[in-house]
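The lines below spell out each chain.
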Amino acid sequence: MEETAAPAETLSETVEERLRTATSAMLAGAVLVAVVILFLALAPGTYQVLLALHVLAVVIWVGGDVTLTTLGVVFERKRDGEALAQLGKLGGWIGPKLYTPVLFAVFGLGIALVQKGNWGWNHFWIDFAIAGWGATATLGIAFIGPELGRIGALAGQIGPDAPEVGRRINRLFMIFRCQTVTLMLIVVDMVAKPNF
Ligand code: HEM
């Protein structure tokens, strides 16, 4: 089928809008990087720099996870299969691009903190974090990511509204909820450092 060309006016409006978005995103990123560098340069020591980066990575990972999960619950309650499928697509796009590198940064910085802070490994709060990280990272990389791809392919074949697609999306979001709960528990565990 031949595509009708968009009117020149609409096209230039779209280009302008994209330019505006790119400029404001770049400005926000530049301010963020500059202030983070300033704060880290003024930190009392390496340990605080590692801790700040560890917590920043945790905020990106866990914050994103909680947002996706919350939207999943809302769309499921509204029985909005289309929005749920779109959310799954978004998760499949952002997961490998942002969450996978960030979850490895959380791990590396956590290990560096244990070494630098001479904490030792024999603490429940550290072992719980390592075990929880292992479980959530494995689940995310080995199952959630690939399953999102499989669901996308299936939706392309049999349609996004097919019952099988809906069933698999619901199962995936249920697993995703368990992952989010584990991550939130690790945050509380790391901050409270339970003494047993
Ligand atoms: C994977 C293995 C991990 C190790 C070995 C580790 C280790 C550490 C260490 C040593 C600290 C510094 C504690 C302090 O100075 O008081 C810390 C802080 C923290 N970690 Fe982790 N971490 C890991 C994973 C995680 C994960 C997966 C999360 C979140 C889901 C997380 C969340 C936090 C938070 C929020 C803090 C700040 C706690 C505070 O300053 O009171 N960590 N972590």
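Above this text is the structure in question.
Described below are features of the structure shown in this document.

Thresholds, definitions, all that
- Residues numbered from 1 in each chain as written.
- Predicted model: local features only at pLDDT ≥ 70, side-chain atom pairs only at ≥ 80, totals over all residues.
- Heavy atoms only, no water.
- Axes fitted to C-alpha atoms, helices over the stretch in contact; angles between N-to-C directions.
- Helix = DSSP H or I, 4+ residues; strand = E, 2+ residues; numbered from the N terminus.
- Parallel < 35°, antiparallel > 145°, perpendicular 65-115°, else oblique.
- Left-handed = near helix turned anticlockwise from the far one by under 90°.
- Nonpolar A, V, L, I, M, F, W, Y, C, P; charged D, E, K, R; others polar.
- Core = buried A, V, L, I, M, F, W, Y, C linked by side-chain atoms within 4.5 Å.
- Buried < 20%, exposed > 50% of the residue type's maximum accessible area, 1.4 Å probe, protein only.
- Contact = heavy atoms within 4.5 Å.
- Patch = residues over 30% accessible without salt bridge, like charges linked within 9 Å, V, L, I, M, F, W, Y side chains within 5 Å.
- Areas by Shrake-Rupley, 256 points an atom, 1.4 Å probe, with all protein chains shown as cover.
- Salt bridge = Lys/Arg side-chain N within 4 Å of Asp/Glu carboxyl O.
- Lys, Arg positive; Asp, Glu negative; His and termini not counted.
- Charge placed at Lys NZ, Arg CZ, Asp CG, Glu CD.
- Polar contact = N/O pair within 3.5 Å; in protein donor to acceptor, adjacent residues only side chain to side chain.
- Expected span 1.5 Å × (residues − 1).
- Near = heavy atom within 4 Å.

**Considerations on the packing of helix α4 (residues 124–158) against helix α5 (residues 163–192)**
Where α4 meets α5, the axes come as close as 9 Å, and the angle between the chain directions of the two elements is 160°. Regarding the angle of α4 to α5, the classification is roughly antiparallel. Here α4 and α5 pass one another in a crossing that is left-handed. For the contact of α4 with α5, the class distribution of residues is 23 nonpolar, five polar and six charged.

**Here we look at the nonpolar core**
Of all hydrophobic cores here, the largest spans 29 residues; its most connected members are Trp61, Val106, Trp133, Val165, Ile169 and Phe173. Of all the secondary structure elements, the ones that give two or more residues to this core are α2 (46–77), α3 (81–116), α4 and α5. When residues of this core are assigned to their parent elements, the largest contribution, eight residues, is made by α4. Sequence-distant contacts of Val106, that is, excluding residues within four places in its chain, are made with His54, Ala57, Val58, Trp61 and Trp133.

**Some words on a negative patch on the surface**
A cluster of like negative charges, contributed by Glu9, Glu13, Glu16 and Glu17, occupies part of the molecular surface. Structurally, Glu13 is set in helix α1 (residues 8–41). With a relative accessible area of 47%, Glu13 lands in the partly exposed category.

**Quick notes on the side chain of Arg168**
As for its placement among the helices and strands, Arg168 is situated in helix α5. Looking at Arg168, the relative accessible area reads 17%, which means it is buried. A distance of 3.0 Å separates polar atoms of two side chains, one belonging to Arg168 and the other to Glu147. When sequence neighbours within four positions are dropped, the list of residues in contact with Arg168 reads Glu147, Arg150, Ile151 and Leu154.

**With respect to the side chain of Asp65**
Inspection of the secondary structure assignment puts Asp65 in helix α2. Not counting residues up to four positions away in its chain, the partners in contact with Asp65 are Tyr99, Phe176, Gln179, Thr180 and Leu183.

**Looking at α2**
Over its 32 residues, α2 runs 46 Å from end to end, which matches the ideal 46 Å to within 8%, given 1.5 Å per residue. Here α2 has its buried residues at Leu50, His54, Ala57, Val58, Trp61, Val62, Gly64, Asp65, Leu68, Thr69, Gly72 and Phe75. Turning to α2, the residues buried within the fold contact α3, α4 and α5. After α2 finishes, the residue Arg79 shows a positive phi value of roughly 55°.

**Examining the site of the ligand**
The immediate surroundings of the ligand are formed by 23 residues, with Tyr47, His54, Phe107, Met190 and Lys193 found nearest. Contact between the ligand and Tyr47: an oxygen atom at 2.4 Å from a side-chain N or O atom of the residue. In the model, an oxygen atom of the ligand is placed 2.9 Å from a nitrogen or oxygen of the Lys193 side chain. Breaking the shell around the ligand down by element, the ones donating at least two residues are α2, α3, α4 and α5. Residue composition of the shell around the ligand, grouped by class: 20 nonpolar, two polar and one charged.

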